Amino acid sequence: MTDSAGGDAELIAASLAEPERFAALFDRHAPAIHQYVARRLGRDAADDVTADTFLTAFRIRARFDPARAGVRPWLYGIAAKQIGRQRREEVRALKLLARTGHDPVADSWTDSADDRLAAEAAARPLAGALARLSAGDRHVLLLFAWADFSYQEIAEALGIPVGTVRSRLNRARRKLRTATGAAGSPLTDARVHEGDPA
């Protein structure tokens, strides 16, 4: 998903003179950011982290450089920093999921009892492996798998070179495969975005 045709960068520029225009940016992107944060930290933290993300974005909007990055990577980069501040909470939630196999966030997405049991069985080793990843590797992997970012968008969001994105993603996938013995998972499968070199 790219910045909308309505021109997110133009909205940010316009909000410098008319701050109320920033609300349209919030309306466009807050649901996706909230869903991403909820998957990482749970619903309780998602409201606060999403609010903090947009509050920070509003405060620093004059520094947004439309030539350097799209609005989505910029917003997810801010969200990643907010998530980083809550890292202990994320790791605790992943360890709890690894121990119990119960994911309250996924419960709302899984309809049948059979699907829920299968999802919980697969989630336990995966959650444990995610908890053991470094924060940097986890950010790259989850922006790739859950936010559907390209390598370039991840690089822009986190302020790192594309080569670092590739190496972190490869390392994270290798660790997850080793820890879970899994293949065929969105987190471990190779996926090349259009425009990314193979």
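Attention here is on the structure that accompanies the text.

Rules and cut-offs
- Residues numbered from 1 in each chain as written.
- Predicted model: local features only at pLDDT ≥ 70, side-chain atom pairs only at ≥ 80, totals over all residues.
- Heavy atoms only, no water.
- Helix = DSSP H or I, 4+ residues; strand = E, 2+ residues; numbered from the N terminus.
- Buried < 20%, exposed > 50% of the residue type's maximum accessible area, 1.4 Å probe, protein only.
- Contact = heavy atoms within 4.5 Å.
- Areas by Shrake-Rupley, 256 points an atom, 1.4 Å probe, with all protein chains shown as cover.
- Salt bridge = Lys/Arg side-chain N within 4 Å of Asp/Glu carboxyl O.
- Axes fitted to C-alpha atoms, helices over the stretch in contact; angles between N-to-C directions.
- Parallel < 35°, antiparallel > 145°, perpendicular 65-115°, else oblique.
- Left-handed = near helix turned anticlockwise from the far one by under 90°.
- Nonpolar A, V, L, I, M, F, W, Y, C, P; charged D, E, K, R; others polar.
- Patch = residues over 30% accessible without salt bridge, like charges linked within 9 Å, V, L, I, M, F, W, Y side chains within 5 Å.
- Lys, Arg positive; Asp, Glu negative; His and termini not counted.
- Charge placed at Lys NZ, Arg CZ, Asp CG, Glu CD.

What follows is about the overall build of the chain. When helices and strands are counted, the chain shows ten helices and zero strands. Each helix and strand of the chain, placed in order from N terminus to C terminus, yields the pattern α-α-α-α-α-α-α-α-α-α. The buried share of the chain, taken over its 198 residues, is 43%. Here the contacts in the chain between residues at least 6 apart in sequence split such that 65% fall between residues at least 24 apart. Carbon and sulfur atoms form 53% of the exposed surface of the chain, whose accessible area is close to 10300 Å².

The full count for this structure, using the stated rule, is four salt bridges. Put simply, Arg28 and Asp8 hold a salt bridge, and the shortest N to O gap is 2.4 Å. Of the two residues, Arg28 sits in helix 2 (residues 22-41) while Asp8 sits in helix 1 (residues 8-17), which places them 20 residues apart along the sequence. For Asp8, a relative accessible area of 1% puts it in the buried group.

Turning to the packing of helix 8 (residues 135-145) against helix 9 (residues 151-158), a few remarks are in order. Direction vectors running N to C along helix 8 and helix 9 enclose 135 degrees, while the axes themselves pass 10 Å from each other. Here helix 8 lies oblique to helix 9, going by the angle between them. Crossing geometry of helix 8 relative to helix 9 is assigned as right-handed. When helix 8 is examined against helix 9, the residues His139, Val140, Leu143 and Phe144 are found in contact with a partner set consisting of Tyr151, Ile154, Ala157 and Leu158. Of the residues that constitute the contact of helix 8 with helix 9, the class distribution is seven nonpolar, one polar and no charged.

Moving on: a positive patch on the surface. A cluster of like positive charges, contributed by Arg63, Arg68, Lys81 and Arg85, occupies part of the molecular surface. Examined against the element boundaries, Arg85 turns out to sit in helix 4 (residues 71-85). Given a relative accessible area of 64%, Arg85 falls into the exposed group.

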